[in-house]
Amino acid sequence: MATGLSATTPLVEARGLTKRFAPPARLTDMFRKERPHTHAVNKVDLTISRGESIGLLGESGCGKTTTGRLLLKLIEPSAGDILFDGTAVAGLAGPSLIDFRKRAQLVFQNPFDALNPRFTIERALAEPLVNTGVERATHRDRVEKALSQVRLPPLARFEGLFPHQLSGGQLQRIVLARALVLEPDFIVADEPVSMLDVSVRAGVLNVMREVRASLGLAALYISHDLALVRYVCSRTLVMYLGRIVEEGPTEDLLKSPLHPYTRALMKAVPVPRVDQSRDPLPIIGNVSDARGQPKGCSFRDRCPLAIARCADDEPALRSVAPGRRVACHLV
Ligand code: SF4
């Protein structure tokens, strides 16, 4: 796989990334020529630079997890392209795909699901190295190094232990160490602390933040939690029904949210805003049905500011200030 392109080449780039899922067949659908597909991800453009930490924010069901899985080639897109270090991910196979798997890692949401309960911690940590053909003589050193990076004791302390014998916080660090043994350049962390007790979340997030910064990793944090995104991400993308509706430097975006959906999300977190006219907005109901390709703005059913044009005219994601992009007719 090609590496070492110019430092200005984004490490990860998605263009027009789209994922449609066919709905489960129902009896009433049998006589329809075309069943509407769910657009889990819809024409998403994004870039992540080396060492950059990006937040992908939105409610459950907005397409965040699907976007992360597409970027890691765990599922295939319906349309669009993904470039990793300048190389199209779609064409990877054989050794180049294994190389990509080493360089782009997923940190799972639930540490209890991520680890095989029948594997010892030692075996779980070495498993990615075995699966990707890393020279066996290096395994022990790599595992010890990863354990120290996540501030866990040496491997000897885990000898003979199984996942159920560790705390949730320790397990999530083991899951992070398991990704780090492959010395990746990019990690996708999907709701990385949502399953943990509040009392241990800060510790795990601190470790993730320090590890990412010290190793210069690029990271995509998928979360519905504004406080988490604020703590670990320099730039944030807000997603609604598979589309990016707002993007900007995290502090700017939280202090001065522009899209009505972002303003609605703000209700959950007391961030001092610079412009009181952009205070939190109420929104109506739950995430809309993503089936079919509705005309107009995908947020219009829930938007308290919707105007007639919103029903027919889909707002483009456009630049409104340096580093800020918004998809709304009113901005
Ligand atoms: Fe609301 Fe219209 Fe803006 Fe969509 S385009 S967010 S419906 S005002």
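Chemist: Would you mind going over the overall build of the protein chain with me for this structure?
Modeler: A count of helices and strands for the protein chain gives ten helices and twelve strands. Counting the 331 residues in the protein chain, one finds 49% classified as buried. Within the protein chain, counting contacts between residues at least 6 apart in sequence, those at least 24 apart form 66% of the total. Here the protein chain has roughly 15400 Å² of accessible surface; of this, 53% comes from carbon and sulfur atoms.

Chemist: Just checking my understanding: could you explain the layout of surface pockets for this structure?
Modeler: In this structure, the largest pocket spans a volume of roughly 390 Å³. Taken together, 17 residues line the largest pocket, and the ones lying closest to its centre are Q105, F108, P128, R178 and L182. Of the residues assigned to the lining of the largest pocket, the class counts are eleven nonpolar, three polar and three charged. Put simply, the second largest pocket is a space of about 250 Å³. Forming the boundary of the second largest pocket are 16 residues, of which K43, R243, I244, P315 and L317 lie nearest the centre. Split by residue class, the lining of the second largest pocket holds eight nonpolar, three polar and five charged.

Chemist: Got a minute to help me understand the environment of A79 in this structure?
Modeler: By the element assignment, A79 lies in strand β4 (residues 79–84). Classification of A79 as partly exposed rests on a relative accessible area of 31%. Among all residues touching A79, those that are not within four sequence positions of it are G16, L17 and T18.

Chemist: I'm lost on the pattern of salt bridges in this one. Help?
Modeler: Once the charged atoms of two side chains with opposite charge are near each other, the side chains can pair. Applying the stated criterion across every chain, the model contains 20 salt bridges. The partner of K295 in a salt bridge is D312, and the shortest N-O contact between them spans 3.5 Å. Of this pair, K295 sits in the loop between α10 (260–265) and β11 (318–321) while D312 sits in the loop between α10 and β11, and the two are 17 residues apart along the sequence. Here K295 matches D312 in class, with each residue exposed. In the salt-bridge network here, residues are joined through shared partners; they are R50, D85, R103 and D185.

Chemist: I'm lost on the packing of aromatic side chains in this one. Help?
Modeler: To describe a pair of aromatic rings, one takes the distance between the centres and the angle between the planes. Scanning all chains against the criterion turns up five aromatic pairs. Geometrically, the ring pair formed by F84 and F100 is edge-to-face, given 5.1 Å between the ring centres and 85° between the ring planes. With F84 in strand β4 and F100 in helix α2 (residues 94–103), the pair connects residues that are 16 residues apart, well separated along the chain. With respect to class, F84 is no different from F100; both count as buried. Sitting above the plane of the F119 ring, R123 keeps its charged end 3.7 Å from the centroid.

Chemist: When you look at the sheet that holds strand β3 (residues 53–57) in this model, what are you seeing that I'm missing?
Modeler: Where strands meet in a sheet, backbone hydrogen bonds hold them as pairs that are either parallel or antiparallel. Sheet architecture is open: eight strands sit in the order β6-β7-β8-β3-β9-β10-β12-β11, paired in mixed fashion. Here the strands that pair on one side only, and so sit at the sheet edges, are β6 (104–107) and β11. When strand polarity is set aside, the average angle formed by the axes of neighbouring strands in this sheet is 25°. Summarising the sheet, strand β9 (residues 235–240) and strand β10 (residues 243–249) pair through six bridges and their orientation is antiparallel. In the strand pairing of β10, V238 is matched with E246.

Chemist: Looking at this structure, how should I read the sheet that holds β4?
Modeler: With antiparallel pairing, four strands are arranged side by side in an open sheet as β2-β1-β4-β5. Every interior strand has two partners, whereas the edge strands, β2 (38–48) and β5 (87–88), have only one. The sheet contact formed by strand β1 (residues 12–21) and β2 spans seven bridges and is antiparallel. Paired with A14 across the two strands is L46, which belongs to β2.

Chemist: For this particular structure, what's the right way to read helix α7 (residues 198–215)?
Modeler: Each α-helix turn comprises 3.6 residues. Residues three or four places apart therefore point the same way. With 18 residues, α7 should reach 26 Å at 1.5 Å per residue; the first-to-last C-alpha distance of 26 Å fits that figure. When we look at burial in α7, the residues that qualify are V204, L205, V207, M208, V211 and R212. Buried positions in α7, seen along its axis, are confined to an arc of 160° and lie on one side of it. Turned more than 90 degrees from where α7 packs its buried face, S199, A213 and S214 sit exposed. Backbone geometry just after α7 places G216 at a positive phi near 65°.

Thresholds, definitions, all that
- Think of each chain on its own: its residues are numbered from 1, step by step along the sequence as written.
- Whole-chain, interface and lining totals are the exception, using all residues; otherwise, since this is a predicted model, local features are given only for residues with pLDDT of at least 70 and side-chain atom pairs are given and counted only at 80 or more.
- As a rule here, side-chain values come from all non-hydrogen atoms in the structure, and water together with hydrogens is ignored.
- In DSSP terms, a helix is any run of H or I states spanning at least four residues, a strand is any run of E spanning at least two, and both are numbered starting from the N terminus.
- We call a residue buried when its accessible area falls under 20% of the maximum for its residue type, exposed when it is over 50%, and partly exposed in between, using a 1.4 Å probe and counting protein chains only.
- Any two residues whose heavy atoms approach within 4.5 Å at even a single point are treated as in contact.
- Accessibility throughout is a Shrake-Rupley quantity obtained with a 1.4 Å probe, and a residue counts as covered only by protein chains that appear here.
- Computed over the protein atoms alone on a 1 Å grid, cavities are sets of points where a 1.4 Å probe fits but cannot get out and pockets are open sets with protein on both sides within 12 Å along at least five of seven lines; a residue lines them when it has an atom within 4 Å of a point.
- Grid points are joined across faces, edges and corners, and a volume is the space filled by probe spheres set on the points.
- All residues other than Ala, Val, Leu, Ile, Met, Phe, Trp, Tyr, Cys, Pro, Asp, Glu, Lys and Arg, Gly among them, are scored as polar; the first ten of these are nonpolar and the last four charged.
- Take a side-chain nitrogen of Lys or Arg and a carboxyl oxygen of Asp or Glu: if they are within 4 Å of each other, that pair is a salt bridge.
- Stacked, tilted and edge-to-face pairs are distinguished by plane angle, under 30 degrees for stacked and over 60 for edge-to-face with tilted covering the rest, among Phe, Tyr and Trp rings (Trp via its six-membered ring) whose centres lie within 6.5 Å.
- Two limits define a charge over a ring: the Lys NZ or Arg CZ must be within 6 Å of the ring centre, and within 35 degrees of the ring normal.
- When DSSP locates at least two bridges between a pair of strands, those strands are taken to pair.
- All axes here are fitted lines through C-alpha atoms, helices being fitted over the stretch that makes contact, and every angle between N-to-C directions spans 0 to 180 degrees.
- Take the number of residues in a helix, subtract one, and multiply by 1.5 Å to get its expected span.
- Arc definition: directions from the helix axis to the C-beta atoms.

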